[in-house]
Amino acid sequence: MKKIKVTIWNEGTHERRDEAVQRVYPDTIGGALKSFIKNMEGVSEVRHVSLYDEEQGFTQELLDDTDVLVYWAHVSHAEVKDEYVERIYERVLNGMGIVLLHSAHASKIFNKLCGTHTSYLRWREAAEKERVWNVNPTHPIAKGLPDQFLIPHTEMYGEHFNIPKPDDIIFISWYEGGNVFRSGITYTRGAGKIFYFSPGHETFPIYYQKEVQQVIKNGIEWVAPAFEETAMLKNGAPCDNVPLEEIKSVR
């Protein structure tokens, strides 16, 4: 089985300026994600980059060497350059998997992949509890998870969520304030698989929770390409028009 190369893109803005986030994630959110992703049996390499790295962390060389991109973002969506969004988009169409976490629902790349204004939803910061219901237990992303689990404190994201109909809904969250949300969904675009998972606010230790870690690990395994990319996919070359059989019809 081909080993998976994972790149974690953590925006990194909060860690530079917010002491509350630094206390919860002293090694950054990306570092917290890397700490458990690197131990996955099927993963050979995990790289961690941010908005403040070369080409905002999206060099063509790195993306070309990435099987799965894990994308966490919150307050700096507009700062990501459109040319880099296009790079990610093309890589997804050509087979790179992408796992979008928490406020990445409002990222340029998720908007582009969905074709809608995905930032349109209800939200509330009240440190309320979230119960994540596993509504698709036979899906590979639900592997090893209970029928529901509780996140003690979180930020609420609520319906209506302005997204196209997902290929699969795997998790639906209920919040203490009464809202519900499609918190774990999948899409396929071209040859690439997409998984969005909403829990993961920066001031709560959600990424240390075992169930959340299991969801993310399952998501990485599911979106990972199950094939070797062909030259056609890599170069965007059109299919040839050579007939497979002799054409004998007469006009």
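Read on for a plain summary of the structure. (Residues numbered from 1 in each chain as written. Predicted model: local features only at pLDDT ≥ 70, side-chain atom pairs only at ≥ 80, totals over all residues. Heavy atoms only, no water.)

### A few points about the sheet that holds strand β6 (residues 148-158)
- With mixed pairing, the nine strands of this open sheet are ordered in space as β2-β1-β3-β4-β9-β8-β7-β5-β6. Edge positions in the sheet fall to β2 (43-49) and β6, since each of these pairs with one other strand and no more. Mean inter-strand twist for the sheet, computed between neighbouring axes without regard to direction, equals 25°.
- Packed onto the sheet, helix α5 (residues 82-93) meets β3 (68-72), β4 (97-101), β8 (180-189) and β9 (192-197) and runs at close to 115° relative to β9.
- Sheet contacts for helix α7 (residues 210-223): β1 (4-10), β3, β4, β6, β7 (168-175), β8 and β9; angle to β9, the most-contacted strand, approximately 165°. (Pairing = 2+ DSSP bridges. Helix = DSSP H or I, 4+ residues; strand = E, 2+ residues; numbered from the N terminus. Axes fitted to C-alpha atoms, helices over the stretch in contact; angles between N-to-C directions. Contact = heavy atoms within 4.5 Å.)

### Re the pairing of β7
- Across five bridges, strand β5 (residues 122-134) lies against β7 in antiparallel orientation. Within the sheet, the bridge partner assigned to Arg131 lies in β7 and is Trp174.
- Where β7 lies against β8, six bridges are found, and the strand directions are antiparallel. When the bridges of β8 are listed, Ser173 appears paired with Phe181.
- Between β7 and β8, which pair antiparallel and follow one another directly, the connecting turn spans four residues, one of which, Gly178, has a positive phi of 105°.

### Notes on the packing of aromatic side chains
- Taken as a whole and judged by the stated rule, the model has 12 aromatic pairs.
- Measuring from ring centre to ring centre gives 5.9 Å for Phe161 and Tyr196, while their planes differ by 55°; the resulting arrangement is tilted. With Phe161 in the loop between β6 and β7 and Tyr196 in strand β9, this residue pair connects regions lying 35 residues apart in the sequence. Across the pair, exposure class does not vary: Phe161 and Tyr196 are buried alike. (Phe/Tyr/Trp six-rings, centres within 6.5 Å; stacked < 30°, edge-to-face > 60°. Buried < 20%, exposed > 50% of the residue type's maximum accessible area, 1.4 Å probe, protein only.)

### Description of the nonpolar core
- In this structure, Val6, Leu33, Ile37, Val70, Ile216 and Ile220 are the most contacted members of the largest nonpolar core, which totals 38 residues.
- Those residues in contact with Ile37 that lie beyond four places of it in its chain are Val6, Ile8, Val43, Val46, Val70, Ile216 and Ile220.
- Counting 33 residues, the second-largest nonpolar core is a separate cluster that includes Phe58, Leu113, Tyr157 and Tyr196. (Core = buried A, V, L, I, M, F, W, Y, C linked by side-chain atoms within 4.5 Å.)

### Brief notes about a nonpolar patch on the surface
- The grouping of Trp133, Val135, Ile172, Trp174 and Val180 at the surface amounts to a nonpolar patch, some 400 Å² of accessible area in total.
- Exposure remark for Trp174: the relative accessible area of 32% places this residue in the partly exposed category. (Patch = residues over 30% accessible without salt bridge, like charges linked within 9 Å, V, L, I, M, F, W, Y side chains within 5 Å. Areas by Shrake-Rupley, 256 points an atom, 1.4 Å probe, with all protein chains shown as cover. Salt bridge = Lys/Arg side-chain N within 4 Å of Asp/Glu carboxyl O.)

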